[in-house]
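In case you want the letters, here they are:
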Number of protein chains: 8
Amino acid sequence: MLFQKNDTVLFIGDSISDYERKRPVGEGLRNAWGTSYVACAGALLGSVYPELALRVINMGVSGNQTRDLIARWQTDVMDLHPDWVCMLIGINDVWRQFDQPQMPETHVLPDEYARNYESLIQRTLPHVKGMVLMTPYFMEPNQSDPMRARMDEYGAIIRDLAAKYRLPCIDLQAAWDGLFQHMHPCNIAWDRVHPNQTGCMFIARQLLNGVGFDWNHCAE
Amino acid sequence: MLFQKNDTVLFIGDSISDYERKRPVGEGLRNAWGTSYVACAGALLGSVYPELALRVINMGVSGNQTRDLIARWQTDVMDLHPDWVCMLIGINDVWRQFDQPQMPETHVLPDEYARNYESLIQRTLPHVKGMVLMTPYFMEPNQSDPMRARMDEYGAIIRDLAAKYRLPCIDLQAAWDGLFQHMHPCNIAWDRVHPNQTGCMFIARQLLNGVGFDWNHCAE
Amino acid sequence: MLFQKNDTVLFIGDSISDYERKRPVGEGLRNAWGTSYVACAGALLGSVYPELALRVINMGVSGNQTRDLIARWQTDVMDLHPDWVCMLIGINDVWRQFDQPQMPETHVLPDEYARNYESLIQRTLPHVKGMVLMTPYFMEPNQSDPMRARMDEYGAIIRDLAAKYRLPCIDLQAAWDGLFQHMHPCNIAWDRVHPNQTGCMFIARQLLNGVGFDWNHCAE
Amino acid sequence: MLFQKNDTVLFIGDSISDYERKRPVGEGLRNAWGTSYVACAGALLGSVYPELALRVINMGVSGNQTRDLIARWQTDVMDLHPDWVCMLIGINDVWRQFDQPQMPETHVLPDEYARNYESLIQRTLPHVKGMVLMTPYFMEPNQSDPMRARMDEYGAIIRDLAAKYRLPCIDLQAAWDGLFQHMHPCNIAWDRVHPNQTGCMFIARQLLNGVGFDWNHCAE
Amino acid sequence: MLFQKNDTVLFIGDSISDYERKRPVGEGLRNAWGTSYVACAGALLGSVYPELALRVINMGVSGNQTRDLIARWQTDVMDLHPDWVCMLIGINDVWRQFDQPQMPETHVLPDEYARNYESLIQRTLPHVKGMVLMTPYFMEPNQSDPMRARMDEYGAIIRDLAAKYRLPCIDLQAAWDGLFQHMHPCNIAWDRVHPNQTGCMFIARQLLNGVGFDWNHCAE
Amino acid sequence: MLFQKNDTVLFIGDSISDYERKRPVGEGLRNAWGTSYVACAGALLGSVYPELALRVINMGVSGNQTRDLIARWQTDVMDLHPDWVCMLIGINDVWRQFDQPQMPETHVLPDEYARNYESLIQRTLPHVKGMVLMTPYFMEPNQSDPMRARMDEYGAIIRDLAAKYRLPCIDLQAAWDGLFQHMHPCNIAWDRVHPNQTGCMFIARQLLNGVGFDWNHCAE
Amino acid sequence: MLFQKNDTVLFIGDSISDYERKRPVGEGLRNAWGTSYVACAGALLGSVYPELALRVINMGVSGNQTRDLIARWQTDVMDLHPDWVCMLIGINDVWRQFDQPQMPETHVLPDEYARNYESLIQRTLPHVKGMVLMTPYFMEPNQSDPMRARMDEYGAIIRDLAAKYRLPCIDLQAAWDGLFQHMHPCNIAWDRVHPNQTGCMFIARQLLNGVGFDWNHCAE
Amino acid sequence: MLFQKNDTVLFIGDSISDYERKRPVGEGLRNAWGTSYVACAGALLGSVYPELALRVINMGVSGNQTRDLIARWQTDVMDLHPDWVCMLIGINDVWRQFDQPQMPETHVLPDEYARNYESLIQRTLPHVKGMVLMTPYFMEPNQSDPMRARMDEYGAIIRDLAAKYRLPCIDLQAAWDGLFQHMHPCNIAWDRVHPNQTGCMFIARQLLNGVGFDWNHCAE
């Protein structure tokens, strides 16, 4: 697995990460991770690889777009000195274009999204062991739905950035498409964005698969 | 307009009607209608046709399926002696098949739905001036989405029943399809079911158009 | 209709507009408009003219008088760059003279009211497509009631200002007088000021009639 | 004064008496009287005539009409063995005719009102030292207002009953008319029904004047 | 009566005045006076002398000692431009000596009390029509109780100051002694300090008697 | 000490014992004893005599009089099979005579008190190892205060009953008199009834002294 | 894996299972499973084996002992017709012996525990595909701690029963012992009983390992 | 006893002292001490030695380590001018090493602990009559438990410092070991740190024994 003994793994993102994590820092005694996929990932890392003593921090903030991450990156990411940064951001960059179309100042268009995202990578990479990128998603299997189509553009940006900087990339949108072969999206999320417990575990599993997590690992 | 002086118009249905209406009866002083499309319809009827002094009662209950209506029909509809009954029911009959597929006892399949619905019509018609039927809907424009496709089956059942009993039928699903020419569904409802204020007003307008409401009416 | 594609329509006023609208700005996802006539107007504009994609903002603040509007006009109106400003203010300018007569510093007398109001018009008109004025009102049909008589003075000031600046003027007081041919005011508001849902819809209808809203409009 | 040493004085009525009095019986340690005119009267009786050790009980219930009093008269009045019963009831008998005209089953018309009221007198008189009647009121000085005119009919019924049974009668409507020579009703009550602290004291004073209370009394 | 048309009468003191009065200023619409003797006095002044349109302000703060009044005198008294200032302060100056004897820094001894109190008089008199002083009290009839004895010292200071500056002085301690001829103090206050409704009315009556209030006054 | 290994010691009484003890039985994990003197006694017994493993149960109920104990004695005392019953009851039997003199049905006069109390002793003694009686008290050092004098009558009844049945009797009134040589009662209780933490410990100490508790005991 | 398509898997137990699961049945939309290991197991089953559409129900109740399970077994287990029953019960049977030693009626001793547990197995086995037993545990690595030693007796009972009835048995106590090679128990649970998120995941993993869950399973 | 008439005794520490003590200073009327061992000690000092009129202040803050005490020592200890300072600190210095091992910046290692603690002694001794030190503890009788072993190191530091500065030292760890001869630690604290009422009393007793408290003292 990518993560090594005593590494700090920081998760940054929006409400998908947040799920009532502790403020100001999503780390510490009792439920500081909230109940999102970050908690699932943290609990799996801690229970399967106890000997690594990994430090998992959740810094997701509900409603965030890439713009918000730029504003709080220094205090919320760099100052915490992570070894690894896992990013899941972009859903709100897209969503606002569709749920409040009259408010264009809240829309982060693809160009800005790519620019924002890349600036965060460049600012971070020199100081960490690595970054893990996740594509934003919309749990709409119909690829011709306008918001799904738009989200796919943003996903492509992430895949390109991951390739350019040789970073692990978790294609969550593709993963959901696979899952929805077996069920309707409303079995995971009424709003097609915020997963239930099964959906959170699903994201965590995609992420861990992408970092070489060995599910049958046995701590000696 | 169908409704006449001093008529009682009762709305029955699920959470789309409920929206925190007053218990046990959704009528009376101050916000007894809740904030759903029923409140919009009631307020429009009262402000545009004040001389009719219509009595509007909201008996929607969140989560209801046709089965639940049967169980409470006597106390919640018949005992209130309405002149008109407006029905919007069926979304939960379908939804449970997709958001909790493992619980088949919560699924109301088309046959049962048709049977339940028709029994309510037969039980009611002899005692009222008329009934107004609304098709259940799913704010998913993609007609090949499984839940949308299923909902269309239920809508067809309503249209058939309306034709059989010569009742006004408001095709809400068709109306939403028209609206979504101009916006994405998430501008109205994140879960594609529960409309925001604009969406509630939209339903109320479809309903009133279907009962001959004259928008330019002037009370002398 | 006066309002055109992508226009921003801002409502400014007192508790009649406020009704728990969102802070600091009454705009955005889910119930940001509160439940006043502004919400009715916004929902009607959005559901009948979806193709215009109008932006509706509610900036009412409970208890406000014209003095308060002056104090917050820059941040709460000008900085939001509206195309249209709809104003309903003055009830509290009058009311305090009658419900707390011992506190003269809270009374806004007619001269000051006219001065305050006109200054707002002059400050705004150069930057907007138009303004819509509504007369303050007291739901007291008896014109010799002292507070009603006083309110009529303030209404006359608004009508004069509307004429002077050639602005649409909605005479709400006159409209209520018409409605109360059919019911007692306490059927709309126990305190003769804050309307129930029917009354809010009634105000919205007066307003929309005054801006050329076509109730039978059909978005292609 | 009518009330004598160790007498029990029970107040019965609607929300004008209730004002959050203690349940099930409005008597006892600390604020059991609520904050209505009953509390004012009780506090004046206790502080000016401490040597009488009067027992004051508040049994008002918000929203009550004469019908409700009949239903609870045995438990809420007779079983408490009062020496004196002070009644203020009828406002809701009238109000519902105007604030919810569509719900005729909630209207208590004059005939029923007189019948209900007289039955309570007949049921009570044989068991008490006396009863004190107060007219229902509407704080509307305009006697041609329909609800005020209606309320005056009910007041006349009370005056007639008081005369017939030779009971003290406090004409609150007339008293308010006098007070409103000096202020607008909204200085006392926004809804023209529920008085503020000054208005509660005003009612208490009318009542006490009617039972021979000596304001300059000095307990030896 | 001392108070004249349009006078502002300000009450200043401790918890005996406070009783949840409104912040920052105990004046205005609906229950701003709290429920203490100030509310009783305000309601009596307003209902018996409506033609005077007196302005009554309650600025009591729970727990206050004379030291606290000095600190907030400018903002809480002088800046409000009262015509009359009614003071009831000193109970906490004494009480702390007995309920927390180990904390001498919270004790205001007689010398300081006299000095503090007189400085407030001198600071105020040039700017007002008059002041009304009330003696602090302890509802303990036993004059040899140490706290009662101490309180009597403070009462004497007030009587002396009232004489020196020729101000009306209400001897509340003496009044309570009279009342307790007829009942035990615990019928008024469990802690012998904070009166129930009857006790609040009793204080209000003493105060009004001291300013020439005519209980049989009739507004023409 | 009277109490022996594995004995159950039950405390019964009024609010002095209650202090938010757990319902329905004041025993069990975490703070089931509330915070009264019972908790002090239980904690002292448990920490000084751990080897006895005593079972301490608090069954006090706020506001109780001897009448109430009779009504709940079977379920709240006998059914719990105590080895020892410690009783502190009577304060409310007396207090109601003074704080609500108008309500004689709430007064438990000396004869009834003695009768009630003795019946409880007779009903209990055959089933327990012993009972411990505490005199009711009023923290008023002035023995000529009417309520103190009355309380002394009730204390004498307890002392007589204790002598008659040869039960340990803790004279709390006498103990308070001793304590108040050193401080004013308001340092312990504002209402002269409900002790603060120091006062609760004081009662517990009196009680334990009366049952032979050895403060210097050392568990081997 | 043991569980097959459309199987219902019911979890029964105490607070370790409960963690605020939904009442009366821990199944359905949104967080009905609470946040215990049951939620972890349910989410892993749903996300890794979506094609099985397993139905997972959580019926844990905080504080339960085997006695409580017997009382509610019919309604809470049998009536729900599970295919599989997973049991984790016994911690409270033991714990009460140590945290409230004075209350022997709350102690379930080994004999009764074995009897209770076996009766549940016999009652259930004829109606289900299988049962999965988990040993109760105490996160105390020191095997000579009295409560740990006692818990080991109970664990042995479970292992024996599992052998006798040929049921899968998850030895949680042994699993914790392994984990605590890498950390102190207080890193998982302050009270050595209720695990944090990492601990819940750890239990879920032991359980799933015991039923043949394939962590690398891929739904086609 | 060490403490003398009018002395101020200040308790400083972590959550063991805090238990919801009043902010900002744990002193004053009604429950300002919270419910920890400090309250027990204060109540015993006040009720057994009333003539000393000791002043007891609780300045414990939950979660504190020695680092935190250094930061707030001036305002929270020195500025309050105590005569005696009783310290119980160190549990969190150790605990964090075991319950969040991944966060080394929260661990206070033995060297720092000794340094921090000694600096507080040196800073304080010149200004007080004396200090009383208590060893930190872990209610784990097994001395080979890693956290217990670690805690013993910290206890030794305290004993050494007490010897060096000739201060009374209360060895709480040893005392608990004695108590747990008679019961399991979970009878006192589920988390082996925060004692129930019996445990708080136990600590208070150890402390008082260490300062020469005479349990049989009688105030003349």
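Up top is the structure.
Residues numbered from 1 in each chain as written. Chains lettered and ligands numbered in written order. Predicted model: local features only at pLDDT ≥ 70, side-chain atom pairs only at ≥ 80, totals over all residues. Heavy atoms only, no water.

Participant: How should I be thinking about helix α8 (residues 197-210) of chain D in this particular structure?
Facilitator: For an α-helix the count is 3.6 residues per turn, leaving residues at separations of three or four pointing the same way. All names here are of chain D. The first and last C-alpha atoms of α8 sit 20 Å apart over 14 residues, in line with the 20 Å expected at 1.5 Å per residue. For α8, the buried fraction is high: 12 of the 14 residues fall into the buried class. Residues of α8 that are buried: Gln197, Thr198, Gly199, Cys200, Met201, Phe202, Ile203, Ala204, Arg205, Gln206, Leu207 and Leu208. Between the side-chain oxygen of the N-cap and the backbone nitrogen of Thr198 there are 3.2 Å, and the N-cap of α8 in question is Asn196. Gly212 sits one or two positions beyond α8 and adopts a positive phi of about 80°. (Helix = DSSP H or I, 4+ residues; strand = E, 2+ residues; numbered from the N terminus. Expected span 1.5 Å × (residues − 1). Buried < 20%, exposed > 50% of the residue type's maximum accessible area, 1.4 Å probe, protein only. Polar contact = N/O pair within 3.5 Å; in protein donor to acceptor, adjacent residues only side chain to side chain.)

Participant: Explanation requested: the environment of G:Gln122 in the structure shown.
Facilitator: All names here are of chain G. Within the secondary structure, Gln122 is located in helix α5 (residues 110-124). We classify Gln122 as partly exposed; its relative accessible area is 46%. Taking the C-alpha atoms as reference, Gln122 lies 9.1 Å from Tyr165; in sequence the two are 43 residues apart.

Participant: What's the story with the environment of B:Leu207 in this structure? I'm lost.
Facilitator: All names here are of chain B. Among the structural elements, Leu207 can be located in helix α8 (residues 197-210). Along the chain, Leu207 and Leu133 lie 74 residues apart, while their C-alpha atoms are 9.1 Å from each other. In contact with Leu207, other than residues within four places in its own chain, are Phe11, Ala41, Cys86, Val132, Met134 and Ile170. (Contact = heavy atoms within 4.5 Å.)

Participant: Would you take a moment to explain the arrangement of the chains for this structure?
Facilitator: Chain E makes no contact with chain B, the minimum C-alpha separation between the two being 21 Å. In this view chain C stays clear of chain H, with the nearest C-alpha atoms of the two still 32 Å from each other.

Participant: Please explain the relation of the copies chain B and chain C as it appears in this structure.
Facilitator: Here two copies of a chain appear, and what relates them is a rotation about an axis with a shift along it. Overlay of chain B on chain C (RMSD 0.0 Å): rotation 180°, translation along the axis 0.0 Å. In the structure described here, the two chain copies are related by an operation that fits a two-fold rotation axis. For chain B, the minimum C-alpha distance to the rotation axis belongs to B:Trp215 and amounts to 3.0 Å. (Least-squares fit on C-alpha atoms with pLDDT ≥ 70 in both.)

Participant: Looking at this model, I keep getting lost on the interface of chain F and chain H. Mind explaining?
Facilitator: Note: interface size is frequently given as the accessible area lost on complex formation between the parts. In this assembly, 35 residues from chain F lie in contact with 35 residues from chain H. Summed over both partners, the interface of chain F with chain H comes to about 2800 Å²; 59% of that surface belongs to carbon and sulfur atoms. The interface formed by chain F and chain H contains 0 salt bridges. Taken together, the connections running from chain F to chain H amount to 8 residue pairs in polar contact (both at pLDDT 80 or more). Counting residues per element, the ones that place at least two in the side of chain F that touches chain H are α2 (37-48) and α8 (197-210) of chain F. With 8 residues, α2(F) is the single largest residue contributor to the side of chain F that touches chain H. Of the residues that constitute the side of chain F that touches chain H, the class distribution is 18 nonpolar, 13 polar and 4 charged. (Buried area = accessible area lost by both parts, 1.4 Å probe. Salt bridge = Lys/Arg side-chain N within 4 Å of Asp/Glu carboxyl O. Nonpolar A, V, L, I, M, F, W, Y, C, P; charged D, E, K, R; others polar.)

Participant: Hey, could you run me through the interface of chain B and chain C in this one?
Facilitator: The interface is formed by 35 residues belonging to chain B together with 35 residues belonging to chain C. Roughly 2800 Å² of surface becomes buried between chain B and chain C when both sides are summed, with 59% attributable to carbon and sulfur atoms. Per-residue buried area on chain B facing chain C is highest for B:Arg30, B:Gln197 and B:Arg205; these three make up 23% of the total on that side. There are 0 salt bridges connecting chain B and chain C. Between the two partners, chain B and chain C, sit 8 residue pairs in polar contact (both at pLDDT 80 or more). For the side of chain B that touches chain C, the secondary structure elements donating two or more residues are α2 (37-48) and α8 of chain B. Per element, the largest residue contribution to the side of chain B that touches chain C is 8 residues, and it comes from α2(B). Across the side of chain B that touches chain C, the residue classes tally to 18 nonpolar, 13 polar and 4 charged.

Participant: How do you make sense of the packing of aromatic side chains when you look at a structure like this?
Facilitator: Each aromatic ring pair is summarised here by two numbers: the centre-to-centre distance and the angle between the ring planes. If you walk through the whole model with that rule in mind, you get 84 aromatic pairs over all chains. On the basis of an interplanar angle of 70° and a centroid distance of 4.7 Å, the ring pair of B:Phe213 and B:Trp215 is categorised as edge-to-face. By relative accessible area, B:Phe213 is classed as buried at 6%. Taking 5.2 Å as the distance between ring centres and 65° as the angle between the ring planes, the aromatic pair formed by H:Tyr49 and H:Phe213 counts as edge-to-face. With H:Tyr49 in the loop between α2 (37-48) and β2 (55-58) and H:Phe213 in the segment after α8 (197-210), the pair connects residues that are 164 residues apart, well separated along the chain. You'll find H:Tyr49 and H:Phe213 in the same group, each marked buried. Ring-pair connections join several aromatic residues into one group, and the members of that group are A:Tyr49, A:Phe213, A:Trp215, G:Tyr49, G:Phe213 and G:Trp215. Positioned above the aromatic ring of C:Trp215 is the side chain of C:Arg205, whose terminal nitrogen or guanidinium carbon lies 5.9 Å from the ring centre. (Phe/Tyr/Trp six-rings, centres within 6.5 Å; stacked < 30°, edge-to-face > 60°. Lys NZ or Arg CZ within 6 Å of the ring centre and 35° of its normal.)

Participant: I'm lost on the sheet that holds strand β2 (residues 55-58) of chain E in this one. Help?
Facilitator: Hydrogen bonds along the backbone pair up the strands of a sheet, which may run parallel or antiparallel. Residue and element names in this part refer to chain E. Spatial ordering of the open sheet is given by β2-β1-β3-β4-β5, a layout of 5 strands whose pairing is parallel. The sheet is open, and its two borders are formed by β2 and β5 (169-170), each paired with just one other strand. On the sheet, helix α2 (residues 37-48) packs against β1 (8-13), β2, β3 (84-88) and β4 (130-134) and is oriented at approximately 175° with respect to β2. Across the face of the sheet, helix α5 (residues 110-124) comes into contact with β3 and β4 while running at roughly 160° to β4. (Pairing = 2+ DSSP bridges. Axes fitted to C-alpha atoms, helices over the stretch in contact; angles between N-to-C directions.)

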